[in-house]
There are 2 protein chains.
Amino acid sequence: MAPVHTAKKTENDQATSNLVHVDNPHLEKMKEDILYHFDIGTGTHDFPAMFGDVKFVCVGGSPSRMKAFAQYINGELALGDPNSDVANICAGTDRYAMYKVGPVLSISHGMGIPSISIMLHELIKLLYHSKCTNVTIIRIGTCGGIGLEPGSVVITSQSVDASFRPQFEQIILGKTVVRNTELDSELAREFFQCSKEINEFNTVIGNTMCTLDFYEGQARLDGAFCSYTEEEKMQYLKAAYDAGVRNIEMESSVFAAMCNISGLKAAVVCVTLLNRLEGDQISSSHEVLADYQQRPQKLVGFFIKKHLNKA
Amino acid sequence: MAPVHTAKKTENDQATSNLVHVDNPHLEKMKEDILYHFDIGTGTHDFPAMFGDVKFVCVGGSPSRMKAFAQYINGELALGDPNSDVANICAGTDRYAMYKVGPVLSISHGMGIPSISIMLHELIKLLYHSKCTNVTIIRIGTCGGIGLEPGSVVITSQSVDASFRPQFEQIILGKTVVRNTELDSELAREFFQCSKEINEFNTVIGNTMCTLDFYEGQARLDGAFCSYTEEEKMQYLKAAYDAGVRNIEMESSVFAAMCNISGLKAAVVCVTLLNRLEGDQISSSHEVLADYQQRPQKLVGFFIKKHLNKA
């Protein structure tokens, strides 16, 4: 039997379908939900009042960068002085830092898949408990580029693993479950269009390789251990390039997979700190690196402003 | 032909053999080594002068906990006031925090295998460049226990994966390399003996399961996603218990594997914040959790004092 579709969704249906969803029947049975790594909980905090108006969530590795981003957005949206302090909602813990500026939530996630995965589980539950609708989430990060001049911004089309496959392997009860790591192509194109309008730095759309290790896992020659030659390294990176990989980082695969399951519109926007075909060490000056790191922030700030002006 | 052994090692040989070793021929060719995530480098810092006397390295997830540990050691070794501030050697970055108190280095590593692996690559190179000898490294952390009363301390005999195998899979140039995750059994027994002498909390030696995820990866029912029943969860945790697993955390496997390769004497000492056979949420009060978290610190402080008094 074919499923029945109504011709037009009512506004209420639309809002319901655009809710952030969890995929866990056990949550309904819990009286209280403690988000341990955020140091907040539904028994002690009024989630809908605190977070119900959130429309954009921006996440990145470093807590100080995510604080700076919140301050930048404060200025851009004319909500406050970009030099004034913003309060850390997760002040009771140092696992993550979280800032809220109008409809924008800015959260740090540390480094690597496990660290961002803990944060995303608790964030998705936070958005769910808060009854948020139509949320867009963007990872703004740093990465190594392949064949791009340092300082280029890469918008991820799909996140691939170390064998260049667009998938994330999650181990559940000791068994491997494979999840899809594609990202919203329309959103990626929209970010690309914003970058053209800003017209200040090189931007490309490409595949992003997500690894579990920064040194051996990314074919670097400068870790504590290295069992391969420079030639083997270059072969691997060139094979990655031929598979459409333009940058390498450590969080995008689980980010894409978890956002897909929870129905969050998601993008990954990272700036390359070096060209891995030319070296492994990040040796640019602090000033140059600080300038590079502002590029994803600028791009995402521009995108958010555009959307809020449209709304 | 049988290898030739000299009857007795000279003091110089002994010192050489107890150096921390890197396993990377490329390092010798580098003029300068920038430890990017520590924000220090051999071109700008005198490593042997700064770190040459380090004998104990203590690592843990949270930067504030590792600062508190450095201050505690300051008092215990009568090197300074435990209430006075200690300087963060990695103040130029917020990726990790590092403190030095006499021969003790205290470093944070964030959460998860990738995060601790970046730190360990740079730490092993730091100890190598500093020509450190006879270094013992201890991870002091928090974890979930299996079948133990909350607040128990687990000293890891071996770290096992989600299928209870004592191994760590590292992906290099897209291929899987399997590494050994056993820890020094003599050192584990020594910690157990110290705990008996302190006689303040329950301590066991057992296997530690190391996972890539806190929720689905540890069979929790309270993540954003959960596709299994409570019964299946309990079956899995009981199978882990039967395989000798007494606690679950997220860093020990790569820690054991990397310390094995570099010849570092290593131990993992974690306190259980809850008994996973009785629940998933960490709901104890801040005061109780803070008390639990001091137990590994106390144990390691006792161990270090004992060793320094012997020397």
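Just so it is clear, the structure is predicted and the values come from calculations on it, not from any experiment.

Cut-offs applied
- Residues numbered from 1 in each chain as written.
- Chains lettered and ligands numbered in written order.
- Predicted model: local features only at pLDDT ≥ 70, side-chain atom pairs only at ≥ 80, totals over all residues.
- Heavy atoms only, no water.
- Salt bridge = Lys/Arg side-chain N within 4 Å of Asp/Glu carboxyl O.
- Helix = DSSP H or I, 4+ residues; strand = E, 2+ residues; numbered from the N terminus.
- Buried < 20%, exposed > 50% of the residue type's maximum accessible area, 1.4 Å probe, protein only.
- Domains from an automatic or database assignment.
- Buried area = accessible area lost by both parts, 1.4 Å probe.
- Pairing = 2+ DSSP bridges.
- Disulfide = S-S within 2.5 Å.
- pLDDT = per-residue confidence, 0-100.
- Contact = heavy atoms within 4.5 Å.
- Expected span 1.5 Å × (residues − 1).
- Arc of directions from axis to C-beta.
- UniProt positions renumbered as here; feature names shortened; annotations may be inferred.
- Polar contact = N/O pair within 3.5 Å; in protein donor to acceptor, adjacent residues only side chain to side chain.
- Axes fitted to C-alpha atoms, helices over the stretch in contact; angles between N-to-C directions.
- Parallel < 35°, antiparallel > 145°, perpendicular 65-115°, else oblique.
- Left-handed = near helix turned anticlockwise from the far one by under 90°.
- Nonpolar A, V, L, I, M, F, W, Y, C, P; charged D, E, K, R; others polar.

Enquirer: Now, about the pattern of salt bridges: what can you tell me, with residues and values included?
Expert: Summed over the entire model, instances satisfying the criterion amount to 26 salt bridges over all chains. One salt bridge connects A:Arg179 with B:Glu216, and the closest N-O pair in it is separated by 2.7 Å. One end of the pair, A:Arg179, is in strand S9 (residues 175–180); the other, B:Glu216, is in the loop between strand S10 (203–210) and helix H6 (230–242), on a second chain. In this structure A:Arg179 comes out as buried when scored by relative accessible area, which is 14%. Here B:Glu216 falls in the buried class, since its relative accessible area comes to 2%. The salt bridge partner of A:Asp280 is A:Arg276, with a shortest N-O separation of 2.8 Å. Salt bridges sharing partners connect three or more residues here, namely A:Arg139, A:Glu249 and A:Glu251.

Enquirer: Can you lay out the domain arrangement of chain A for me, pointing to particular residues and giving the numbers?
Expert: Residue and element names in this part refer to chain A. By domain assignment, chain A separates into domain 1 (28–134) and domain 2 (141–284 + 303–310). When each unit is reduced to the centre of its C-alpha atoms, the spacing between domain 1 and domain 2 is 23 Å. For the pair domain 1 and domain 2, the two sides together bury roughly 1500 Å², of which 85% comes from carbon and sulfur. The largest per-residue losses of area from domain 1 upon contact with domain 2 belong to Phe56, Ile113 and Ile124, which jointly make up 36% of the total buried on that side. One salt bridge in this structure joins Lys305 and Glu76, with 3.1 Å as the shortest N-O distance.

Enquirer: Lay out the pairing of strand S3 (residues 56–60) of chain A in plain terms, naming residues and giving numbers.
Expert: Residue and element names in this part refer to chain A. In terms of residue burial, S3 counts as a mostly covered element, since 5 of its 5 residues are buried. Going residue by residue along S3, you find Phe56, Cys58 and Gly60 tucked away on one face and Val57 and Val59 tucked away on the opposite face as well. One ladder, built from 5 bridges, connects S3 with strand S5 (residues 104–108); its direction is parallel. Paired with Val59 across the two strands is Ile107, which belongs to S5. Where S3 meets strand S6 (residues 136–145), 4 bridges bridge the pair, whose relative direction is parallel. Paired with Phe56 across the two strands is Thr136, which belongs to S6.

Enquirer: Can you break down the pairing of strand S7 (residues 153–160) of chain B residue by residue, with the values?
Expert: Within a regular beta strand, the side chains point alternately toward one face of the sheet and then the other, so they alternate between its two faces. Residues and elements named next belong to chain B. In terms of burial, S7 is a largely internal element, 6 of the 8 residues being buried. Relative to S10, S7 is paired through 6 bridges, and the arrangement is parallel. The residue of S10 that forms the bridge with Val154 is Val204. When S7 meets strand S12 (residues 265–275), the two strands line up antiparallel, connected through 3 bridges. By the bridge assignment, Ile155 is partnered in S12 with Val269.

Enquirer: Explain the state of the cysteines to me, and be specific about the residues and the numbers.
Expert: Tallied over the full model, the rule gives 0 disulfides over all chains. You can see A:Cys259 has no disulfide; the closest cysteine sulfur is in A:Cys58, sitting 12 Å from it.

Enquirer: Pulling in residues and values, what's your account of the confidence of the model for chain A?
Expert: Averaged over every residue, the pLDDT of chain A is 94; residues scoring 70 or more account for 94%. Counting interchain partners and residues more than four positions distant, the pLDDT-below-50 stretch residues 1–13 of chain A has 2 contacts.

Enquirer: Account for H6(B), naming residues and giving values.
Expert: All names here are of chain B. Across its 13 residues, H6 extends 18 Å between first and last C-alpha, which sits within 8% of the 18 Å expected from 1.5 Å per residue. Within H6 the residues assigned to the buried category are Lys233, Met234, Tyr236, Leu237 and Ala240. Axial view of H6: buried residues confined to an arc of 160°, hence all on one face. Opposite its buried face, H6 presents the exposed residues Glu231, Gln235 and Asp242, each directed more than 90 degrees away.

Enquirer: So, the UniProt feature "domain: Nucleoside phosphorylase" (unreviewed entry) in chain A: which residues are in play, and what are the values?
Expert: In the UniProt entry, the feature "domain: Nucleoside phosphorylase" (unreviewed entry) is given for residues 55–300 of chain A. From the first C-alpha to the last, residues 55–300 of chain A spans 13 Å; its make-up is 34% helix and 28% strand.

Enquirer: Go over the interface of chain A and chain B with me, naming the residues and quoting the values.
Expert: Across the boundary between the two partners, chain A contributes 73 residues, which contact 73 residues of chain B. Together, the buried faces of chain A and chain B total about 5900 Å²; carbon and sulfur atoms form 59% of this surface. The interface formed by chain A and chain B holds 2 salt bridges in total. Counting across the interface, chain A meets chain B through 30 residue pairs in polar contact (both at pLDDT 80 or more).

Enquirer: Let's hear about the packing of helix H4 (residues 113–129) of chain B against helix H7 (residues 252–262) of chain B: which residues, and what values?
Expert: Residues and elements named next belong to chain B. It is the contact of H4 with H7, at a shortest axis distance of 9 Å, that shows an interaxial angle of 20°. Considering their axes alone, H4 and H7 lie roughly parallel with respect to each other. Remark: the crossing between H4 and H7 carries right-handed chirality. On H7, the residues that touch Ile113, Ile116, Ser117, Leu120, His121 and Ile124 of H4 are Ser253, Val254, Phe255, Met258 and Ser262. When the residues that make up the contact of H4 with H7 are grouped by side-chain class, the tally is 7 nonpolar, 4 polar and no charged.

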